Amino acid sequence: MKKKYNSPYSAAVSGGGFLYEETNILLPLLMSGNRQEFLQQEASENRLLHINAETSRKRIMAEVERRYDAMPVSFWQDYVQMPEEDRKAALFFVLLKTYRILFDFHVNVAMKKWNSISKSVTLDDIYMELNELSAKDDFVDSWTEATKKKLASTYLTLLRKVGMLDEDNGLHPLLCGNQAYYLLHGEAWFLEACLLQPYQIEKLKTSLA
């Protein structure tokens, strides 16, 4: 009998990644009144995604659905009006909201490293965080080394996709043109997650007052 775990964590993001183009393609289907019918049609006919393997296609669709359902519909209505760079930042926001494991990596590793002397993040740094989580969470502890390695690599790839990590593993702030959006929607924590300096956030708050 398979053991059941009561854990806030999931390794599912390692099977998908950033999925920026796939999210944009599937959004009209997800936001439609016939969501399930359209998604089932796409899963079988592959007219939009053009992912040949049906198992891969369904896995990616499931992850995009998971992310869509993690946010209110109003967010996605705003998302479709954003320019590309703001959309990429917004999707990173969605990832941190959807996957607790990514949120912990970001807060406990990247943000701490940004505020340290090194200002860089490596696979070893993420492994150390995974070891700490394993000690506190039986489900994380049950993951194979291959799963942990894929997760750590996926997180660093996500940082690179949004321009927060360079080829030398150096961290950089995530720049987006609609920073005020997150303040106005009660998500000021995301500006810290974008590695903005406290004075920059305060300046933005003042401009909105």
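Worth saying up front: this structure is predicted, and the values here are computed from it rather than measured.

The rules behind the values
- Residues numbered from 1 in each chain as written.
- Predicted model: local features only at pLDDT ≥ 70, side-chain atom pairs only at ≥ 80, totals over all residues.
- Heavy atoms only, no water.
- Helix = DSSP H or I, 4+ residues; strand = E, 2+ residues; numbered from the N terminus.
- Rg over C-alpha atoms; globule rule 2.2 N^0.38 Å.
- Buried < 20%, exposed > 50% of the residue type's maximum accessible area, 1.4 Å probe, protein only.
- Contact = heavy atoms within 4.5 Å.
- Disulfide = S-S within 2.5 Å.
- Expected span 1.5 Å × (residues − 1).
- Bend = angle between axes of the 7 residues up to and from the residue.
- Core = buried A, V, L, I, M, F, W, Y, C linked by side-chain atoms within 4.5 Å.
- 1 Å grid on protein atoms, 1.4 Å probe; cavity = no way out; pocket = protein on both sides within 12 Å on 5 of 7 lines; lining within 4 Å.
- Points joined across faces, edges and corners; volume = space filled by probe spheres on them.
- Salt bridge = Lys/Arg side-chain N within 4 Å of Asp/Glu carboxyl O.
- Axes fitted to C-alpha atoms, helices over the stretch in contact; angles between N-to-C directions.
- Parallel < 35°, antiparallel > 145°, perpendicular 65-115°, else oblique.
- Nonpolar A, V, L, I, M, F, W, Y, C, P; charged D, E, K, R; others polar.

A closer look at the overall build of the protein
- When helices and strands are counted, the protein shows twelve helices and zero strands.
- Reading the helices (α) and strands (β) of the protein from amino to carboxyl end gives α-α-α-α-α-α-α-α-α-α-α-α.
- Its C-alpha atoms give the protein a radius of gyration of 18 Å, within 12% of the compact-globule value 17 Å for 209 residues.
- Oriented by its inertia axes, the alpha-carbon framework of the protein measures out at about 50 × 45 × 35 Å.
- Here the protein holds 209 residues, and 46% of them are scored as buried.
- Sequence separation of at least 24 residues holds for 65% of the intrachain contacts in the protein that already meet a minimum separation of 6.

Considering the environment of Ala70
- Among the structural elements, Ala70 can be located in the loop between helix H3 (54-69) and helix H4 (73-79).
- As a C-alpha pair, Ala70 and Lys97 span 27 residues in sequence and 7.1 Å in three-dimensional space.

Focus: the state of the cysteines
- Inspection of the entire model under this criterion finds zero disulfides.
- Free cysteine Cys176: the closest other cysteine sulfur is in Cys194, separated by 5.2 Å.

A closer look at helix H6 (residues 100-114)
- Here H6 contains 15 residues, and its C-alpha end-to-end distance of 20 Å stays within 8% of the 21 Å for a straight helix at 1.5 Å per residue.
- Along its length, H6 shows its largest kink, about 30°, at His106.
- Regarding H6, the residues found buried are Ile101, Leu102, Asp104, Phe105, His106, Val109, Ala110, Met111 and Trp114.

A word on unusual backbone geometry
- Positive phi, close to 60°, is recorded for Asn46, a residue that is not glycine.
- Secondary-structure assignment places Asn46 in the loop between helix H2 (35-45) and H3.
- For Asn46, a relative accessible area of 15% translates into the label buried.
- With phi around 70°, Leu195 is a residue other than glycine that occupies positive phi space.
- Tracing the backbone shows Leu195 in the loop between helix H11 (189-193) and helix H12 (198-208).

What to know about the nonpolar core
- The biggest cluster of nonpolar side chains holds 69 residues, and the ones touching the most others in it are Phe75, Ile101, Leu102 and Phe190.
- The leading source of residues in this core is helix H5 (residues 84-98), at eight residues.

Section: the layout of surface pockets
- Approximately 200 Å³ is the volume attributed to the largest pocket.
- In this structure, the largest pocket is lined by 14 residues; those nearest its centre are Gly17, Phe18, Leu19, Thr157 and Lys161.
- For the lining of the largest pocket, the secondary-structure elements that each account for two or more residues are helix H1 (20-30) and helix H9 (145-161).

Quick look at the pattern of salt bridges
- A complete count under the given rule lists ten salt bridges for this structure.
- Measuring nitrogen to oxygen at the nearest pair gives 3.7 Å for the salt bridge that ties Glu202 to Lys205. Here Lys205 and Glu202 lie together in helix H12, a separation of three residues that amounts to about one turn.
- Overall, Lys205 belongs to the partly exposed group, its relative accessible area being 37%.
- By sharing partners, the salt bridges in this structure join Arg35, Glu65 and Asp69 into a single network.

Some points on the packing of H1 against H5
- For the pair H1 and H5, the least separation of the axes is 11 Å and the interaxial angle reads 100°. When the axes of H1 and H5 are compared, the pair comes out roughly perpendicular. Of the residues in H5, those touching H1 at Tyr20, Thr23 and Asn24 are Glu84, Arg87, Lys88 and Leu91.
- In the contact of H1 with H5, the residues fall into two nonpolar, two polar and three charged.

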